[in-house]
Amino acid sequence: KPKFRSPPLRSPLDSTLMASQAPPFPGATPTPSSPDAPAAPPCSPDASPTVEAQAALPDHLTEEILLRVPTAADLARASMAGPSLRRIITDHSFLRRFRTLHPPPLLGILSDPFLPAQPPHPSAAAARTLAGTDFSCSFLPSREQPWRRCDFWDGRALLCVAPDACDLMRDVAVCDPLHRRYLLLPPVPQDLSNLVYHWELFLAPAGGDESADIAADTPFRFRVMCLAEYQTHLVLFIFSSSGPRAGQWHTVAFDGWTALVAGITDHAFGRRHYAHGCFCWAIRGINKLLLLDTGTMEFSSVHLQPGLSDRLVAFVAAREGRLGMLALSHNPLYDSYHLWYKVLFGTGDGPRQWQTEDVVRLPHDYSYCILGVAGGYLLLYGIPDDDPDSFEMPEPNCFSLNLQTMKVEQFCASEPITPLKSHLLCAGFPPSLSPPTI
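What comes next is a walk through the structure.

Cut-offs and rules
Residues numbered from 1 in each chain as written. Predicted model: local features only at pLDDT ≥ 70, side-chain atom pairs only at ≥ 80, totals over all residues. Heavy atoms only, no water. Pairing = 2+ DSSP bridges. Helix = DSSP H or I, 4+ residues; strand = E, 2+ residues; numbered from the N terminus. Axes fitted to C-alpha atoms, helices over the stretch in contact; angles between N-to-C directions. Buried < 20%, exposed > 50% of the residue type's maximum accessible area, 1.4 Å probe, protein only. Core = buried A, V, L, I, M, F, W, Y, C linked by side-chain atoms within 4.5 Å. Contact = heavy atoms within 4.5 Å. Parallel < 35°, antiparallel > 145°, perpendicular 65-115°, else oblique. Left-handed = near helix turned anticlockwise from the far one by under 90°. Nonpolar A, V, L, I, M, F, W, Y, C, P; charged D, E, K, R; others polar.

1. A look at the sheet that holds strand S21 (residues 377-384)
Hydrogen bonds between backbone groups are what pair the strands of a sheet, and the pairing can be parallel or antiparallel.
And step 1. Read across the sheet, 4 strands follow the order S20-S21-S22-S23 without closing on themselves; strand pairing throughout is antiparallel. If you trace the sheet from one side to the other, it starts and ends with strand S20 (366-374) and strand S23 (408-413), each paired once. Each strand of the sheet is rotated relative to its neighbour by a mean of 30°, with strand direction disregarded.
And step 2. Strand direction decides the pairing type here: S20 and S21, joined by 8 bridges, are antiparallel. Considered in S21, the bridge of Ala374 is made with Tyr377.

Here it is, written out as structure tokens:
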């Protein structure tokens, strides 16, 4: 039976830090836990200052300690303790390791204006540091048509000039909003004899084992992808900033597309999600989830239960490399909303099934839809139920679900936005921990 989980109440014990018996870095001696263990001797009056003792600590041990700092906000505060710590913390190789252990948190919604996380949400402090950031990238050269935001990933914004309905975009730019830098990409190649029924432009990881990559240009590596559906085939265009095909587009075709949608004329791509190195789209009309493995650049598909609405479902990374699904459910009898968390089991050519792992109750008096997933959170848009005794329009709120703890918190108070429109979410680190990416 799935277990129901309600949003936990805060307790004074939540803020209590428990001392760990684990060594703070490899090779260190664990702290004695026995009450009979001898106490540490008191500091003598002529003892060396702490800062001097810290300066004598080798850099590799200091790095191991800093990697265990729980949040990016704490790491930013540590970087202000002295120049030696700031040098280590702002190093690209250290930040890559820290990002692997602590993914950049969700900071806000790229709306107009930017909607940051608000107190008491854990991301509020880091979100405040983005005040004044030009996420619209107004520093780009002007075109006849306005630039449009397509994606935001790892500190980079992807923009394009909207093309005609049946063409691919010609103007594409990758920008670093924090450092006001940009790179104009060559036009996406296209066959003018074929009409484009659907296209989607998005950023992707650079590929490879970035944790083991120490090349000097690693922080500047990225990929841009464009998924294009034609009348009879599906093509993926890929632009890489590094590697043997750097600076040019190349294509990958999905040979099984025609068979997948055979006999179905009314199919449409749902929102794009990313989990465990794979992009995925729910294809409405055929009850299938299309998967793209960014490592092998191969397509595949899995079955979905019928009737899933795009704004009521999201796909996330589950434990042990599995794919998870969060689906909104409304009980009209009690006018309550729940999130059903399911995990896909089965591998290879065998049967694959979605199994329910958890059920999360959402705060009452709201109607919900899913805005997206980023920074380890699922973001929900909540519209308050109408108050019959009030003539004022109720103000909506955004709620976040921590994907590790399944805890629901208020993320920010929001101005009315269009839930049916795709809203980009911003996950990242404070500017002091964000070196240039272009």
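So that's the structure; there's more coming.
2. Brief notes about the pairing of strand S18 (residues 336-345)
And step 1. Of all 10 residues in S18, 9 are buried, a share of seventy percent or more.
And step 2. Alignment of strand S17 (residues 323-331) against S18, held across 8 bridges, turns out to be antiparallel. Within S18, the residue paired with Met325 across the bridge is Lys342.
And step 3. In textbook terms, the turn of a hairpin is the stretch between consecutive antiparallel strands, and for S17 and S18 this stretch comprises 4 residues, one of which, Asp335, has a positive phi near 50°.
And step 4. In the sheet, S18 pairs with strand S19 (residues 353-361) via 8 bridges, with the strands oriented antiparallel. Bridged to Val343 within S19 is Gln355.

3. A short note on the nonpolar core
And step 1. Core analysis: the largest hydrophobic core is formed by 35 residues, its most contacted members being Leu379 and Cys398.
And step 2. Apart from residues lying up to four places away in sequence, Cys398 is in contact with Ile109, Leu371, Leu379, Leu380, Tyr381, Glu409, Gln410, Phe411, Cys412 and Ser414.
And step 3. By size, the runner-up hydrophobic cluster in this structure holds 23 residues, among which are Cys150, Leu168, Trp199 and Ala228.

4. Some remarks on helix H5 (residues 92-101)
And step 1. Within the span of H5, buried status applies to Phe94, Leu95, Arg96 and Phe98.
And step 2. Packed against the buried residues of H5 are helix H2 (59-66), helix H3 (72-79) and helix H4 (83-89).

5. Examining the packing of H2 against H5
And step 1. Running from amino to carboxyl end, H2 crosses H5 at an angle of 30°, the nearest separation of the two axes being 11 Å. Classified by the angle between their axes, H2 and H5 sit roughly parallel to one another. Helix-helix and strand crossings are classified by hand; for H2 and H5 the assignment is right-handed. Taking contact as the criterion, the partners of Glu63, Glu64 and Leu66 in H2 are, on H5, Phe94, Arg97 and Phe98.
And step 2. The residue inventory of the contact of H2 with H5, partitioned by class, reads 3 nonpolar, no polar and 3 charged.

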